[in-house]
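# Geometric and topological summary
Each chain, written out:
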Amino acid sequence: MNDGKAIITTLIPNSKPISALPAPPGLPLVGNLLSLERERLHLTLEQWRRKYGDYYRFRNVSREVLVIADAEAIGTMLRDRPDGFLRTARLASIAREMGFDGVFTANGEEWRRQRPMVMAGLDPAHIKSYFPALVRVTERFAGRWRRAAAAGTAIDLQADLMRYTVDVTAGLAFGADINTIESDEEVIQQHLDKVLPALFRRLMAPFRYWRYFRLPADRALREHLAELHRAVDGFIATARKRMDAEPSLRASPTNLIEAMIAARDTDGSGVDDADVAGNVLTMLLAGEDTTANTLAWMIYLLSANPAALARARDEVRAVLGGGPLPSQYEQLAKLPFVEACTNETMRLRPVAPLIILEASRDTVVAGIEIPAKQVVMCLMRAPATDERHFHDAQAFDPARWLDPAAKSAASAKRVAMPFGAGPRLCPGRYLAMLEMKMVIAMLLAGFELESVGTARGGEPREQLAFTMAPVGLRMKLRGRA
Ligand code: HEM
């Protein structure tokens with residue numbers, strides 16, 4: 001292994017080892033563990049970045065972690081996948097234990113096999129053909145919010161938005177109309193929303209205690225996972241039945257689950273039952289919190305910025321001409337300001353503020369020698385909110401995304417990477433953008449925002465639980481006359 005290192009130092013004489021980088025002071029044995037409050041990890045790392053610069057290191061007990069906050073270096077690493085950088089071995093093994101290893105956690109050949117199927121299920125043409133069903137789900141969602149407005153009740157923003165995103169993902173990826181929006185029974189989200197926080201808790205734990213003893217949270221997690229696996233088996237069984245009744249679906253699958261089952265049943269495909277189930281759960285998890293949290297942040301930021309809110313509202317009402325929500329796919333292309341609000345929200349409140357990588361081989365990035373198996377945390381918000389790249393970088397100013405002259409949007413997009421970059425760029429980004437435009441258009445066309453905020457007032461707290469969410473956001477609406 002040291003051969004690789006020797007090559008690196010010979011080729012790049014000015015490179016330096018990670019140990020030469022600055023680091024926050026830590027304690028013997030535990031290192032910086034006591035400063036690493038899990039739910040605020042991204043904030044702590046951003047704070048250290050202000051002190052130590054774009055490249056530094058910290059230690060979580062015995063694990064030394066390299067932190068990089070420079071957009072160019074981050075882009076280089078994200079593009080050097082799947083070969084040079086991987087999802088961490090720790091993520092892959094913990095996800096496997098929990099039964100949801102799929103395209104998000106896979107590496108190498110396994111990832112290469114799964115990615116095209118997922119991409120095909122989420123490509124723009126596919127999403128366009130799903131549009132009529134998306135309109136139906138959005139109508140139901142508008143109905144839920146109309147009832148809340150008429151009753152004068154405060155809406156738990158994130159919980160409601162998650163009902164929407166789960167219904168949409170299940171409809172698009174599995175052809176299943178689960179309609180949690182209109183259900184008051186126990187719904188799948190009550191189990192889903194426990195999984196990512198638990199995954200994150202285990203990822204950050206100094207050792208894998210749950211293999212030796214289970215805390216109440218671990219016992220509860222087992223129940224939630226069992227319920228979810230039952231639901232996933234149900235989606236797969238229903239899709240299989242549909243494919244048996246209509247064999248042409250094997251050659252031309254209409255959604256992700258059908259494509260995966262067809263591959264599973266083809267000799268030599270390398271796709272097995274566990275891959276199908278793992279990816280069904282992966283889709284639900286990857287599509288739920290991310291989109292719902294971004295929407296919650298966007299609604300909050302719009303309500304806190306009345307001029308942007310008024311401009312977005314005028315744009316929506318002009319395009320819909322009095323209609324309650326977009327009814328034609330083409331209408332969504334006519335909402336550039338709403339799209340700019342989405343980009344601006346993701347710049348300031350990226351729900352994936354950290355992308356965590358593991359080097360697969362010895363390499364050098366930005367003059368830093370990175371040995372194989374080194375964990376690297378990429379700080380995604382730091383460059384996107386840096387005055388070097390964006391004027392008045394902390395301000396919510398969606399118009400910056402519409403002005404080609406000022407810090408050209410193209411270069412802005414290379415610095416703000418809310419969906420990641422390179423070969424593992426989020427395959428759900430078209431769907432996410434469509435969902436976000438639909439919900440914002442429906443909200444601004446049919447309602448006035450009476451209040452959006454937390455019980456204690458002020459900025460909502462940022463909480464990292466794999467994805468980053470606003471804590472305790474409630475919204476009151478008034479139906480438009
Ligand atoms: C606003 C909403 C969303 C955001 C901000 C977001 C963000 C991200 C990010 C940062 C990554 C990692 C990319 C990388 O490593 O370079 C990712 C990966 C992924 N996302 Fe999303 N995502 C969103 C919505 C969705 C949706 C709706 C789906 C599917 C229904 C989805 C499915 C996935 C999958 C499967 C991956 C793993 C891709 C791979 O490793 O090859 N995402 N997403």
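The structure contained in this document is the topic of the report that follows. (Residues numbered from 1 in each chain as written. Predicted model: local features only at pLDDT ≥ 70, side-chain atom pairs only at ≥ 80, totals over all residues. Heavy atoms only, no water.)

Quick look at the sheet that holds strand β10 (residues 447-453) now. Here three strands make up an open sheet; going across it, the order is β5-β13-β10 and the pairing antiparallel. Because the sheet does not close on itself, it has two edges, and the strands there are β5 (155-156) and β10. Where helix α18 (residues 429-446) meets the sheet, its contacts fall on β10 and β13 (474-479), and the angle it forms with β10 comes to roughly 110°. (Pairing = 2+ DSSP bridges. Helix = DSSP H or I, 4+ residues; strand = E, 2+ residues; numbered from the N terminus. Contact = heavy atoms within 4.5 Å. Axes fitted to C-alpha atoms, helices over the stretch in contact; angles between N-to-C directions.)

A few words on the coordination of the iron atom of the ligand. In this structure the iron atom of the ligand is ligated by exactly one protein donor, C426 (SG), at 2.3 Å. For C426, the location among the structural elements is in the loop between α17 (409-415) and α18. (Donors = N, O, S within 2.8 Å, 3.2 Å for Na, K, Ca; no water.)

This brings us to the packing of helix α13 (residues 273-304) against helix α14 (residues 306-320). Closest axis-to-axis distance for the α13/α14 pair is 5 Å, and the angle between their directions is 110°. Considering the angle they form, α13 stands roughly perpendicular to α14. Residues L302, S303 and A304 of α13 pack against P306, A308 and L309 of α14. Taken together, the residues that form the contact of α13 with α14 break down as five nonpolar, one polar and no charged. (Parallel < 35°, antiparallel > 145°, perpendicular 65-115°, else oblique. Nonpolar A, V, L, I, M, F, W, Y, C, P; charged D, E, K, R; others polar.)

The next point concerns the site of the ligand. Surveying the vicinity of the ligand reveals 27 residues, the closest of which are R81, R87, W111, R115 and C426. At a separation of 2.6 Å, an oxygen atom of the ligand approaches a polar side-chain atom of R81. With respect to the ligand, the side chain of R87 contributes an N or O atom lying 2.8 Å from an oxygen atom. Listed by contribution, the elements that provide at least two residues to the shell around the ligand are α5 (108-122), α13 and α18. If one sorts the elements of the shell around the ligand by residue count, α13 sits on top with six residues. (Near = heavy atom within 4 Å. Polar contact = N/O pair within 3.5 Å; in protein donor to acceptor, adjacent residues only side chain to side chain.)

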